[in-house]
Amino acid sequence: MPSLNNSTHRPRLSLGPILYLWPREQVLDFYAEMIEAPVDTIYLGETICSKRRQLRPEDYWEIAERIVAAGKEAVISTLALIESDGELKTLQRLCADERFTIEANDLAALDFLEGRPFVAGHSINLYNQRTLAFLAKRGLKRWVLPVELGRTTAADLLRTRPPGVECELFAFGRLPLAYSARCFTAYNRQLGKDDCQFCCGDYPDGLVITTQEGQEFLNLNGIQTQSANTHNILPALAEVGALGIDMLRVSPQSQHTGDVLRIFADALTGDLDPTEGTTRLRDWAPSGLCDGYWTGQSGYKAGMPGQSAR
Amino acid sequence: MELVCPAGNLPMLKAAVDNGANAVYIGFRDDTNARHFAGLNFNDKQIAEGVKYAHDRRVKVFVAINTYAQPDGWSRWTAAVDRAAAYGVDAIILADMGVLDYAAERYPNVNLHLSVQGSATNPAAIGFMQRHFGIKRVVVPRVLSLAQVAHLIEESSVPVEIFGFGSLCVMVEGRCLLSSYASGQSPNTYGACSPAAHVEWRDTPQGQETRLGGILIERRSHSEAAGYPTLCKGRYHVAGELRHAIEEPTSLNTLDILPDILAAGVSAIKIEGRQRSTRYVTQVTKVWREAIDACQRNPQAFRPKESWHQILAQVSEGAQTTIGPYERTWH
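Residues numbered from 1 in each chain as written. Chains lettered and ligands numbered in written order. Predicted model: local features only at pLDDT ≥ 70, side-chain atom pairs only at ≥ 80, totals over all residues. Heavy atoms only, no water.

**Focus on the overall build of chain B**
To keep it simple, the criterion reads: Where helices and strands are cited, they refer to DSSP runs of H or I of at least four residues and of E of at least two residues respectively, numbered from the N terminus. The atom set for the radius of gyration is the C-alpha atoms, and the globule formula is 2.2 Å times the number of residues raised to the power 0.38. Accessibility here uses a 1.4 Å probe with only protein chains present; expressed as a share of the type maximum, an area under 20% marks a residue as buried, one over 50% as exposed, and anything in between as partly exposed. The contact criterion used is simple: two residues touch if any of their non-hydrogen atoms lie within 4.5 Å. Accessibility throughout is a Shrake-Rupley quantity obtained with a 1.4 Å probe, and a residue counts as covered only by protein chains that appear here. Charge assignment: positive for Lys and Arg, negative for Asp and Glu; neither His nor the chain ends contribute. By convention, the charge on Lys lies at NZ, on Arg at CZ, on Asp at CG and on Glu at CD.
In terms of regular secondary structure, chain B is built from 11 helices and 15 strands. The C-alpha radius of gyration computed for chain B amounts to 19 Å, which stays within 12% of the reference 20 Å derived for 331 residues, consistent with globular compactness. Burial analysis of chain B (331 residues in total) assigns 63% to the buried set. Considering only contacts within chain B whose residues lie at least 6 apart along the sequence, 63% involve residues at least 24 apart. Surface summary for chain B: the accessible area is close to 11,800 Å², and the carbon and sulfur share equals 48%. In chain B, 33 positive and 33 negative side-chain charges are present, and the distance between their average locations comes to 3 Å.

**Some thoughts on the pattern of salt bridges**
Heads up, the rule is: Salt-bridge detection follows one rule: a side-chain nitrogen of Lys or Arg within 4 Å of a carboxyl oxygen of Asp or Glu.
Enumeration according to the criterion identifies 45 salt bridges over all chains in this entry. In the salt-bridge network here, residues are joined through shared partners; they are Arg12(A), Glu73(A), Glu103(A), Lys141(A), Arg142(A), Glu166(A), Glu168(A) and Arg249(A).

**Considering the interface of chain A and chain B**
Basically, it comes down to this: Two parts lose some accessible area (1.4 Å probe) when they are put together, and adding that loss for both gives the buried area.
Listed per partner, the contact involves 66 residues of chain A and 69 residues of chain B. Looking at the side of chain A facing chain B, the largest losses of area belong to Leu107(A), Arg130(A) and Gln212(A), adding up to 14% of the total buried there. One can count 8 salt bridges joining chain A with chain B. Between Arg175(B) and Asp106(A) there is a salt bridge, with the nearest N and O atoms lying 3.4 Å from each other.

**So, the pairing of strand 4 (residues 101–104) of chain A**
Residue and element names in this part refer to chain A. For the record, the criterion: When DSSP finds two or more bridges between two strands, those strands count as paired. Whether a crossover is right-handed comes down to one check: with the strands pointing away from the viewer, does the path from the first strand over the helix to the second run clockwise; if it does, it is right-handed.
Along strand 4, one buried face is formed by Thr101 and Glu103 and the opposite face, lined by Ile102 and Ala104, is buried too. Two strands pair when backbone bridges link them, and strand 3 (residues 73–77) and strand 4 are joined in this way by 3 bridges, in the parallel orientation. Its bridge partner lying in strand 4, Ile76 is registered against Ile102. Considered for its hand, the β-α-β crossover made up of strand 3, helix 3 (residues 85–96) and strand 4 is right-handed. As paired elements, strand 4 and strand 5 (residues 118–120) share 3 bridges and run parallel to each other. Directly across from Ile102, in strand 5, lies its bridge partner Phe118.

**Some thoughts on the environment of Gln206(B)**
Its place among the elements puts Gln206(B) in the loop between strand 8 (199–204) and strand 9 (207–212). For the pair formed by Gln206(B) and Arg219(B), sequence separation is 13 residues and the distance between their alpha carbons is 7.7 Å.

**Quick look at helix 2 (residues 44–56) of chain B**
An α-helix turns once per 3.6 residues; consequently, residues spaced three or four apart project the same way. Residues and elements named next belong to chain B. To be explicit about the condition: Expected span, for any helix, means 1.5 Å times one less than how many residues it has. Polar contacts, as counted here, are pairs of nitrogen or oxygen atoms within 3.5 Å of one another; within protein the pair requires one atom able to donate a hydrogen and one able to accept it, and residues that are adjacent in sequence qualify only if both atoms are side-chain atoms.
Between its terminal C-alpha atoms helix 2 stretches 18 Å, which fits the 18 Å expected from 13 residues at 1.5 Å a residue. Packing partners of the buried residues in helix 2 comprise helix 1 (10–18), strand 2 (23–26) and strand 3 (60–65). The opening residue of helix 2 is Asn43, an N-cap whose side-chain oxygen sits 3.2 Å from the backbone nitrogen of Lys45.

**As for the packing of helix 1 (residues 24–36) of chain A against helix 9 (residues 257–269) of chain A**
Residue and element names in this part refer to chain A. Stated precisely, the cut-off is as follows: Only the stretch in contact is used when a helix axis is fitted, and all axes are lines through C-alpha atoms; the angle between N-to-C directions ranges over 0 to 180 degrees. Our angle categories are set so that under 35 degrees counts as roughly parallel, over 145 as roughly antiparallel, 65 to 115 as roughly perpendicular, and the remainder as oblique. The handedness criterion is simple: a crossing whose near helix is rotated anticlockwise from the far helix by less than a right angle is left-handed, and one whose near helix is rotated clockwise is right-handed.
Running from N to C, helix 1 and helix 9 point in directions that differ by 20°, and their axes come no closer than 10 Å. Put simply, helix 1 runs roughly parallel to helix 9. You can see that helix 1 and helix 9 cross each other, and the crossing is right-handed. The residues of helix 9 that touch helix 1, namely those facing Phe30, Glu33 and Met34, are Thr257, Gly258 and Leu261.

**Digging into the pairing of strand 7 (residues 160–167) of chain B**
All names here are of chain B. Of all 8 residues in strand 7, 7 are buried, a share of seventy percent or more. When strand 6 (residues 137–139) meets strand 7, the two strands line up parallel, connected through 2 bridges. Along strand 7, the bridge assignment pairs Val139 with Glu161. Taken together, strand 6, helix 6 (residues 146–155) and strand 7 form a β-α-β motif whose crossover is right-handed. Pairing analysis gives 4 bridges linking strand 7 to strand 14 (residues 268–271), with the strands arranged parallel. By the bridge assignment for strand 14, Glu161 is matched with Ala268. Relative to strand 13 (residues 250–253), strand 7 runs antiparallel, the two sharing 3 bridges. Within strand 13, the residue paired with Phe165 across the bridge is Asn253.

**Here's the deal with the nonpolar core**
Threshold: Take the buried residues of types Ala, Val, Leu, Ile, Met, Phe, Trp, Tyr and Cys, join any two whose side-chain atoms come within 4.5 Å, and each joined set is a nonpolar core. Domain borders in the structure are assigned automatically or taken from a domain database.
Ranked by internal contacts, the top residues of the largest apolar core, which has 214 residues, are Tyr31(A), Trp143(A), Leu248(A), Phe264(A), Ile65(B), Met97(B) and Trp288(B). Structurally, this core is a two-domain feature, drawing no fewer than three residues from each of domain 1 (2–168 + 250–330) and domain 2 (178–243) of chain B. Those residues in contact with Leu248(A), other than ones at most four positions away along the chain, are Pro11(A), Arg12(A), Leu13(A), Ser14(A), Leu169(A), Ala171(A), Ile233(A), Leu237(A), Val240(A), Phe264(A) and Leu268(A). Ranked by size, the runner-up nonpolar core spans 8 residues in total, among them Val4(B), Ala23(B), Ala64(B) and Ala268(B).

**Section: the confidence of the model for chain A**
The following threshold applies: A residue's pLDDT is the predictor's confidence in that residue, given on a scale from 0 to 100.
Of all residues in chain A, 97% attain a pLDDT of 70 or more, and the chain-wide mean is 95. In the predicted structure, residues 1–7 of chain A sits below a pLDDT of 50 and forms 11 contacts with residues beyond four places in sequence or in another chain.

**Here's the deal with the packing of aromatic side chains**
Going by this rule: Only Phe, Tyr and Trp rings take part, Trp by its six-membered ring, and two of them pair if their centres are within 6.5 Å. Stacked means planes under 30 degrees apart, edge-to-face means over 60, and tilted covers everything else. In this scheme, Lys NZ or Arg CZ marks a charge over a ring once it lies within 6 Å of the ring centre and within 35 degrees of the ring normal.
Following the criterion strictly, the structure yields 14 aromatic pairs over all chains and no others. Ring geometry for Tyr300(A) versus Tyr181(B): centroids 6.1 Å apart, planes at 65°, classification edge-to-face. A residue pair is termed interchain when its members come from two chains, as with Tyr300(A) in the segment after strand 12 (289–290) and Tyr181(B) in helix 7 (residues 178–183). In terms of burial, Tyr300(A) and Tyr181(B) fall into one category: buried. Ring geometry for Phe165(B) versus Trp288(B): centroids 6.4 Å apart, planes at 55°, classification tilted. In this pair, Phe165(B) is assigned in strand 7 and Trp288(B) in helix 10 (residues 278–297), connecting sequence segments 123 residues apart. Under the relative-accessibility criterion, Phe165(B) is labelled buried at 2%. Chaining the aromatic ring pairs together yields one cluster made of Phe217(A), Tyr293(A), Tyr300(A), Tyr181(B) and Tyr236(B). The ring centre of Phe28(B) lies 4.1 Å from the NZ or CZ of Arg83(B), which sits over that ring.

**A few points about the sheet that holds strand 9 of chain B**
All names here are of chain B. What the 3 strands build is an open sheet, ordered 8-9-10; its pairing is antiparallel. Each edge of the open sheet is held by one strand with a lone partner, namely strand 8 and strand 10 (215–220). Taking each pair of neighbouring strands and ignoring which way they run, the sheet shows an average axis angle of 20°.

**Overview of unusual backbone geometry**
Even without a glycine there, the phi angle at Gln190(A) is positive, about 55°. The topology assignment puts Gln190(A) in the loop between helix 7 (184–188) and strand 8 (207–210). Within the chain, Asn41(B) stands out as a residue other than glycine whose phi angle is a positive 85°. Examined against the element boundaries, Asn41(B) turns out to sit in the loop between strand 2 and helix 2.

**Considerations on the environment of Tyr87(B)**
Residues and elements named next belong to chain B. Here Tyr87 shows up in the loop between helix 3 (74–86) and strand 4 (91–94). The partly exposed category is assigned to Tyr87, whose relative accessible area is 26%. Beyond its immediate stretch of four places on either side in the chain, Tyr87 contacts Asp44, Ile47, Ala48 and Val51.

What follows is the structure, given as structure tokens:
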């Protein structure tokens, strides 16, 4: 495996959108910190629930301006499941603003963004080269590999990708696994979705559900279901670089996101051994680490060096 | 309103046709469709016979090629589209944009339907698929309330098909990776949720256990009935309490709201269950045919017969049925 230090291709780092409901002040403080962090691209915007309105589009645009002023790329992320007229109107408004690149997370965004450069998020089902070529013709400049796809499919897609189209990998965080009409946080608090009382705000990193034998399994975040385990691609850093992956995404969590980014940044420059970095990341993965999807296994499994045994 | 019924094999197809389906949907014997189960689905000879049987009786045949192709399997998906087109089926049900692009370019005269696995839940998404691939129908995911379905029909020029009966997906179809998180295989990548090879049933002193990919997704008392082992319907601990944290083991039945479905302008109603039995298809098709006919004759006076509910309850998976997301309180 080629040494990353000598590799001509070194992936850049990105920060995914905040997936949880945090208080407005916490969000503003978080981005103030992230603007100073070693990250190249910052995605921001509400992707889970349209009822969460503690930040409006204007707020996100203002933060995005500051991100750009700091010399980083800002990308506006959009809702993953769009059902109502109101959600569609907000999406259309976000897509109409041409100052920033938009991350499409629903087919509706592709409709609005066609003809200008856009990013396809991991909930756009891009599984093969023909879909990649089709979207590239419509303006795709970067796609996030659907999280259940591993290195074999990534390699095949990267070998035949259209010129100029970049590939981003969900590299660290609880995996986004499913979306529903039902709000599971409200459901488990015996509240209706229309009277949810924003109870997801009580769980800044989601609500973990545990199997009947005590295994932390899934993480409920409103209408989204995530993995309880934190997916971590750091041990595969050399392989990821050699394949030609362009960007690695760290998904925000309420604690230590800056530390996670620093570990990835140091590993990318060769200043930190990935296995040593992984040992440190274990402390910030409340239910343990996993990497199964990358190696073609069940997503919850952990097989790469340093991942298992908390 | 069309009644679209499932057929996992030739006897099921004939049962659907004979009992009043307007269309049957089928799949090939591989991972190109979302009911990729051992012993199920159609080979070439069976398709030819099935299409002839249905067409002789003026019933349509749709072929579902509704999983997501990866580069190493791409030719299987294009071959499936080629075969479906060659047999003169009435529509191909697709989800993958790449496969849609191939089918639309190669077979401009074949009807393409967007599968529920295509995850289109709003007019803009449907418009995008119509503009590029000329889809003639969309099967909408089970996330919209009936009011939202009605509004979608008003806003979109593509006819809408909805699921009316059968097992209930809780997540947006096409965007649920729970199965592969536990087992390594999902509807998108393999054509099945909770593939049988990864499911273990075990009797223990604590109860009957179901595992998927090694993960304990349910432990029930020996007297409780076991349904299809989807992990979204298992019991888990949430904040110290053991409960169905995602959904109860219910299945979908919309018979009670049939007049509203009709009034909403739904073009077709789909019955889930290609993996079920000939008896299931016979009973469910018969009841739904009778119900739709009665409802269309006189929607105001429509009341589901008790006998219909009894017959459907006998073939339903799980003890309870639900109107599911069509009713806002479910959300």
